[in-house]
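Spelled out, the chains give:
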Amino acid sequence: MPHAVTRKDVEDAYPIIAPHVRKTPVITVASADLGLDPALPDIAFKLEQLQHTGSFKARGATLNLKTRDVPAAGVVGASGGNHGAALAFAAEAAGVPANIFVFDFTPAAKADRIRGYGAQVHPVSGGFDALMAETDAFQERTGALLVHAFDQPKTLAGQGTVALEFLDQAPLDTLIIAVGGGGQIGGMAAYVEDRAKIIAVEPEAAPTLYNALNAGGPVQSPAGGIAADSLGPGQVGDLMYPIAADFVDESVLVPDDAIRAARRLLWDKLRLVVEPGGATALAALLSGAYVPGAGERLGVLLCGANTDAVDFGD
């Protein structure tokens with residue numbers, strides 16, 4: 001069966017969202033400055049944490065609202081925080097209401113950002129299934145347009161535009177990408193296909209794609225650890241899984257301590273503030289979970305920055 005999203009879908013999405021999102025910069029850093037093998041080429045970092053709303057998710061949310069019919073009831077979404085902020089941002093730009101259902105443990109910085117775009121925030125106790133149940137009930141009750149954080153074609157295509165930009169901005173052999181529900185890596189992999197290696201990185205406490213690839217399909221997985229709000233939906237999306245199965249070359253896990261170390265390093269060396277999920281891709285290199293080959297040109301995606309800038313969880 002054909003994939004839900006293809007390279008052409010991502011290419012078609014880009015001119016639709018380009019006037020409304022940022023083309024985020026790429027910087028290169030000497031590998032030795034990061035404590036890595038100095039023989040490696042410079043590491044390219046895509047600074048997607050500088051995107052509107054502080055994460056890549058503004059891309060998918062914007063594409064949804066630009067290409068789907070939005071009723072008077074507006075939009076509704078379930079989110080650990082980043083998708084909610086992105087959907088609220090896109091809804092505010094479109095002049096429509098937004099209702100966002102979040103975990104009761106969603107960081108205050110993320111909930112406040114959602115409210116800052118004029119959306120109503122509804123905290124929910126329990127995991128992702130409980131969150132989606134409340135969201136679905138609201139959608140059925142009001143007729144609002146449901147925009148899924150990762151398991152809809154427009155969301156995947158919008159997120160995939162990160163890869164389109166990244167490969168245009170830097171010559172890369174390998175992209176290293178953090179995974180939660182899989183909207184980001186699914187969209188990016190659909191665009192990249194076999195043109196570069198794709199390494200999926202997840203916390204040990206939230207191994208959704210890792211478990212799915214081992215099981216041969218999406219399965220319920222733990223959703224804990226310091227990045228649970230952004231990387232812990234408990235299960236990858238049905239639409240992204242076949243894309244990942246075809247195009248993700250390796251799936252690795254990192255401990256929370258490596259994520260903390262990556263956040264600290266990004267601040268100490270580069271003065272970049274990222275949330276735990278945003279630092280998870282770099283943690284794969286720092287921990288040795290992914291060991292690049294000689295001369296391998298690496299691209300690391302820093303995907304989110306919705307965090308208290310002075311709280312590193314020490």
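Notes on the structure follow. (Residues numbered from 1 in each chain as written. Predicted model: local features only at pLDDT ≥ 70, side-chain atom pairs only at ≥ 80, totals over all residues. Heavy atoms only, no water.)

**Section: helix H7 (residues 183-192)**
For step 1, the next point in the chain: A large share of H7 lies buried, amounting to 10 of its 10 residues.
For step 2, the next point in the chain: Taken together, the buried positions of H7 are Gly-183, Gln-184, Ile-185, Gly-186, Gly-187, Met-188, Ala-189, Ala-190, Tyr-191 and Val-192.
For step 3, the next point in the chain: Residues of H7 that are buried sit in contact with helix H1 (7-17), helix H6 (153-169), strand E7 (174-178), strand E8 (197-203), helix H10 (240-247) and strand E10 (298-302).
For step 4, the next point in the chain: Where H7 terminates, the next one or two residues include Glu-193, which has phi positive at roughly 55°. (Buried < 20%, exposed > 50% of the residue type's maximum accessible area, 1.4 Å probe, protein only. Helix = DSSP H or I, 4+ residues; strand = E, 2+ residues; numbered from the N terminus. Contact = heavy atoms within 4.5 Å.)

**Focus on the environment of Ala-144**
For step 1, the next point in the chain: Relative to the helices and strands, Ala-144 resides in the loop between helix H5 (128-142) and strand E6 (145-146).
For step 2, the next point in the chain: Ala-144 has contacts with Pro-71, Ala-73, Gly-74, Val-75, Val-76, Phe-138 and Gln-139, leaving out every residue within four places of it along the chain.

**With respect to the packing of aromatic side chains**
For step 1, the next point in the chain: Under the counting rule described, the total for this entry stands at 4 aromatic pairs.
For step 2, the next point in the chain: Judged by centre distance (4.7 Å) and plane angle (5°), the rings of Phe-103 and Phe-105 are stacked.
For step 3, the next point in the chain: The exposure class assigned to Phe-103 is buried, which follows from its relative accessible area of 4%.
For step 4, the next point in the chain: For Phe-105, a relative accessible area of 42% gives the class partly exposed.
For step 5, the next point in the chain: Note that Arg-7 overlies the ring of Tyr-191, its terminal NZ or CZ placed 4.1 Å from the centroid.
For step 6, the next point in the chain: The ring of Trp-267 carries the charged tip of Arg-271 above its face, separated from the ring centre by 4.4 Å. (Phe/Tyr/Trp six-rings, centres within 6.5 Å; stacked < 30°, edge-to-face > 60°. Lys NZ or Arg CZ within 6 Å of the ring centre and 35° of its normal.)

**Things to note about the pairing of strand E3 (residues 75-79)**
For step 1, the next point in the chain: Across the 5 residues of E3, 5 count as buried, placing the element largely inside the fold.
For step 2, the next point in the chain: By the alternation rule, side chains of E3 split into Val-75, Gly-77 and Ser-79 and Val-76 and Ala-78, which are all buried.
For step 3, the next point in the chain: Between the parallel elements E3 and strand E4 (residues 98-103), the chain passes through helix H3 (residues 82-94) in a crossover that is right-handed.
For step 4, the next point in the chain: Looking at chain direction, E3 and E6 are connected through 2 bridges and run parallel. (Right-handed = clockwise from strand over helix to strand, strands pointing away. Pairing = 2+ DSSP bridges.)

**A closer look at the pattern of salt bridges**
For step 1, the next point in the chain: Considering all chains together, one arrives at 13 salt bridges under this definition.
For step 2, the next point in the chain: Close ionic contact of Lys-46 with Glu-165 constitutes a salt bridge, the shortest N to O distance being 2.6 Å. Of the two residues, Lys-46 is situated in strand E2 (residues 43-47) and Glu-165 in helix H6; the sequence distance between them amounts to 119 residues. The same class applies to Lys-46 as to Glu-165, namely buried.
For step 3, the next point in the chain: We note a salt bridge from Arg-115 to Asp-112, for which the minimum N-O separation is 3.4 Å. Here Arg-115 and its partner Asp-112 are both found in helix H4 (residues 108-116), 3 residues apart, which amounts to about one turn of the helix.
For step 4, the next point in the chain: When its relative accessible area of 47% is taken as the criterion, Asp-112 is described as partly exposed.
For step 5, the next point in the chain: Salt bridges linked by common partners bring Lys-46, Glu-48, Arg-59 and Glu-165 together as one network. (Salt bridge = Lys/Arg side-chain N within 4 Å of Asp/Glu carboxyl O.)

**Notes on the side chain of Glu-275**
For step 1, the next point in the chain: One can find Glu-275 in the loop between helix H11 (256-270) and helix H12 (276-287).
For step 2, the next point in the chain: Separated by 3.1 Å, the side chains of Glu-275 and Asn-82 make a polar contact.
For step 3, the next point in the chain: Of the polar contacts made by the side chain of Glu-275, one reaches the backbone nitrogen of Ala-305; its length is 3.3 Å.
For step 4, the next point in the chain: For Glu-275, the residues in contact, after removing those within four places along its chain, are Asn-82, Lys-110, Asp-229, Ser-230, Arg-263, Gly-304, Ala-305, Asn-306 and Thr-307. (Polar contact = N/O pair within 3.5 Å; in protein donor to acceptor, adjacent residues only side chain to side chain.)

**Thoughts on the sheet that holds E6**
For step 1, the next point in the chain: Here we have 4 strands laid out as an open sheet, ordered E5-E4-E3-E6, and parallel in their pairing. Pairing within the sheet leaves two strands with one partner each, and these edge strands are strand E5 (120-124) and E6.
For step 2, the next point in the chain: This element, H3, spans E3 and E4 of the sheet and lies at about 160° to E3. (Axes fitted to C-alpha atoms, helices over the stretch in contact; angles between N-to-C directions.)

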